[in-house]
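# Fold and contact review
Here is what each chain is made of, one letter per residue.
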Amino acid sequence: MAQISLEHIDVTFKQKHQVSKAVQDVSLQIEKGDAYGIVGYSGAGKSTLVRVINHLQKPSAGKVIIDNKDIDKFSLAQIRQLRKNIGFIFQHFNLMNARTIEDNILYPMVGTKTSNEERKERVQRLINLVGLNGKEKFYPAQLSGGQKQRVAIARALANNPQILISDEATSALDPKTTQAILQLLKKINKELGVTIVLITHEMDVVKSLCNKVAVMDTGKVVEKGSILEVFSNPKTQLTKDFIDTTNNVKEAVDTLSAQERFVELSRNQQLFRLHYIGASTETPIIIDLYQKFGAVANIVYGNIEFISNVPLGNLIIEIDAEESTIKEIKEYLASKDVHLTNINLDQEKIRNSKEG
Ligand SMILES: Nc1ncnc2c1ncn2[C@@H]1O[C@H](COP(=O)(O)OP(=O)(O)OP(=O)(O)O)[C@@H](O)[C@H]1O
Ligand SMILES: [Mg+2]
């Protein structure tokens, strides 16, 4: 049984003359110990969706079941209790500027049954965990963005929550600080067993932290599954675009489409994207093409990475062969679970100019 089960959630905002369907028929199952990524462009409905989990946002339709309980039936006291069990890291930190770091972290414990001793001990443990020793008496204004984010994480963990929701916790940070914060979240997930729901628009973040992912587009979840499933076999163009930002294929295609030599080539349909998962890496593809089909293949770009310990390859290759041979090659490779698709740089150019 899932720890968090969202069932056919709708959230509709009604303003004077406007109805905005921020979330439409979303169902998600999040298991205990998951690090569940939710990706999507701005306005996709990510924040609205996660706010439903701790009842900061009441759904217009659908059910939120947490630990087998329908939270819509909760009393106010139960909702308060639920929120203590769900840590929330906000994008803009939401720290209290007039309070010191330790008081910020202590604040969520106010009104709980924890003793003063226990509170002090916990604050110190959390400060150690997020690496802010020595900054206990500082005020938020005296901290950098990354340090503030660490305070926000410590505060979200103040009541030993079972669930941690992070809404773009790293979007305001530089790459190095982002990595440090991700490592911290990973530790919280792995060592403390805390379930993490992580919103981001960066697929790289998902790849380094999450075991599952859902992709949102205009209020709907268009794709979901394990990281390996989604990365190895993305079904929607949106997901493909997100993934391409992490393996640099998109960047490589952009670079190539700026070079006339390759644009010419692709007009003659000789530039291909070659994509494979797992065992296929062990078959000598390039050699096969020559020995079996007499086709010379030249690697223009290559990226092989490991996702959940499974190799995933994305190559761009130039193949010198007749159209009929290409067809045979495609069939042969498909039988080995290697996918070959044409790249038309003229079209890529048009697509880029529309996007940019
Ligand atoms: N309180 C509200 N009242 C009216 N409309 C809202 C409200 N909150 C969100 N919306 C609308 O719902 C849609 C989804 O917003 P949401 O904040 O969930 O997107 P998001 O995916 O988190 O975007 P971002 O990546 O920019 O944070 C938007 O069109 C937004 O204008
Ligand atoms: Mg948001």
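As the structure is a computational prediction, the values presented were derived from the model and not from experiment.

What counts and what doesn't
Residues numbered from 1 in each chain as written. Chains lettered and ligands numbered in written order. Predicted model: local features only at pLDDT ≥ 70, side-chain atom pairs only at ≥ 80, totals over all residues. Heavy atoms only, no water. Pairing = 2+ DSSP bridges. Helix = DSSP H or I, 4+ residues; strand = E, 2+ residues; numbered from the N terminus. Contact = heavy atoms within 4.5 Å. Axes fitted to C-alpha atoms, helices over the stretch in contact; angles between N-to-C directions. Polar contact = N/O pair within 3.5 Å; in protein donor to acceptor, adjacent residues only side chain to side chain. Buried < 20%, exposed > 50% of the residue type's maximum accessible area, 1.4 Å probe, protein only. 1 Å grid on protein atoms, 1.4 Å probe; cavity = no way out; pocket = protein on both sides within 12 Å on 5 of 7 lines; lining within 4 Å. Points joined across faces, edges and corners; volume = space filled by probe spheres on them. Nonpolar A, V, L, I, M, F, W, Y, C, P; charged D, E, K, R; others polar. Domains from an automatic or database assignment.

Before going further, it helps to spend a moment on the sheet that holds strand E5 (residues 69-70). If you trace the four strands from one edge of the open sheet to the other, you get E2-E1-E4-E5, paired in antiparallel fashion. Of all the strands in the sheet, just strand E2 (18-30) and E5 have a single pairing partner and so form its edges. Of the pairings in the sheet, the one linking strand E1 (residues 4-15) to strand E4 (residues 61-66) comprises five bridges and is antiparallel in character. Within the sheet, the bridge partner assigned to Ser-5 lies in E4 and is Ile-65. The strands that helix H1 (residues 46-53) touches are E1, E2 and E4; relative to E1, the one it contacts most, it runs at about 120°.

The subject of this paragraph is the sheet that holds strand E12 (residues 296-307). Spatial ordering of the open sheet is given by E12-E13-E11-E14, a layout of four strands whose pairing is antiparallel. Looking along the sheet, the strands with just one partner apiece sit at the ends: E12 and strand E14 (338-342). The sheet shows a mean angle of 20° between the axes of neighbouring strands, taken without regard to direction. Examined bridge by bridge, strand E11 (residues 271-277) and E14 share five bridges and lie antiparallel to one another. If you follow Tyr-276 over to E14, its bridge partner there is Val-338. Running at roughly 15° to strand E13 (residues 310-320), helix H10 (residues 249-257) makes contact with E11, E12 and E13 of the sheet. Across the face of the sheet, helix H12 (residues 285-293) comes into contact with E11, E12, E13 and E14 while running at roughly 150° to E12.

With that settled, consider the side chain of Ser-5. Here Ser-5 is to be found in strand E1. In terms of polar contacts, Ser-5 uses its side chain to reach the side chain of Glu-7, at 3.0 Å. Polar contacts involving the side chain of Ser-5 include one to the side chain of Gln-29, which spans 2.5 Å.

Right, let's get into the pairing of strand E7 (residues 163-167). Within E7, five of the five residues are buried, which leaves it mostly tucked inside the rest of the structure. Residue alternation in E7 divides its side chains into two sets, Ile-163, Ile-165 and Asp-167 and Leu-164 and Ser-166, and both sets are buried. Bridge count between strand E6 (residues 86-89) and E7: four bridges; the pairing is parallel. When the bridges of E7 are listed, Ile-86 appears paired with Ile-163. Note that E7 and strand E8 (residues 195-200) share five bridges and pair parallel.

Approximately 740 Å³ is the volume found for the largest pocket. In this structure, the largest pocket is lined by 30 residues; those nearest its centre are Gln-237, Lys-240, Asp-244, Arg-273 and Thr-341. Elements with a minimum of two residues in the lining of the largest pocket: helix H8 (227-232), helix H9 (237-247), H10, E11, E13, E14 and helix H14 (345-355). Of all the elements, H9 adds the most residues to the lining of the largest pocket, at six residues. Residue classes in the lining of the largest pocket are distributed as eight nonpolar, twelve polar and ten charged. When residues of the lining of the largest pocket are sorted by domain, at least three fall in each of domain 1 (4-233) and domain 2 (248-355). Considering only enclosed or pocket space, the second largest pocket measures out at about 550 Å³ in volume. In this structure, the second largest pocket is lined by 19 residues; those nearest its centre are Arg-83, Lys-84, Ile-86, Pro-108 and Asn-159. Listed by contribution, the elements that provide at least two residues to the lining of the second largest pocket are helix H2 (76-84), E6 and helix H5 (145-156). Split into classes, the residues belonging to the lining of the second largest pocket amount to eleven nonpolar, four polar and four charged.

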